[in-house]
Amino acid sequence: MLQEMNGFILAHDRYLALDHARTECTSPAQREFMHIQILKAYLEVQCRARQIAGLQYADGNDYVDQN
């Protein structure tokens, strides 16, 4: 589980860094590229979160169903 948590943290940090860098784009091509990268990072964060939730559910933690 620790490996999945670290992966989530890294993915989330990458997402935040891209979101911050998005404001420094000067051309439409740069903005489009950053938007695509932000969407990819967002999907990675969501995937990692689902992996963590799945592991918690498999371990018998039923509070995952409440969210």
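Please refer to the structure placed before this passage.
Anyway, here's the lowdown on the structure attached to this text. Worth saying up front: this structure is predicted, and the values here are computed from it rather than measured.

1. With respect to the environment of Glu44
Okay, step 1: Within the secondary structure, Glu44 sits in helix H2 (residues 28-58).
Okay, step 2: Separated by 30 residues in the primary sequence, Glu44 and Arg14 place their C-alpha atoms 9.8 Å from one another.
Okay, step 3: Setting aside anything within four residues of it in sequence, one finds Glu44 in contact with Ala11 and Arg14.

2. Here we look at the nonpolar core
Okay, step 1: Among the nonpolar cores identified, the biggest contains five residues, and these are Leu18, Cys25, Met34, Ile38 and Ala41.
Okay, step 2: Looking at this core element by element, the count peaks at three residues for H2.

The rules we used
Residues numbered from 1 in each chain as written. Predicted model: local features only at pLDDT ≥ 70, side-chain atom pairs only at ≥ 80, totals over all residues. Heavy atoms only, no water. Helix = DSSP H or I, 4+ residues; strand = E, 2+ residues; numbered from the N terminus. Contact = heavy atoms within 4.5 Å. Core = buried A, V, L, I, M, F, W, Y, C linked by side-chain atoms within 4.5 Å. Buried < 20%, exposed > 50% of the residue type's maximum accessible area, 1.4 Å probe, protein only.

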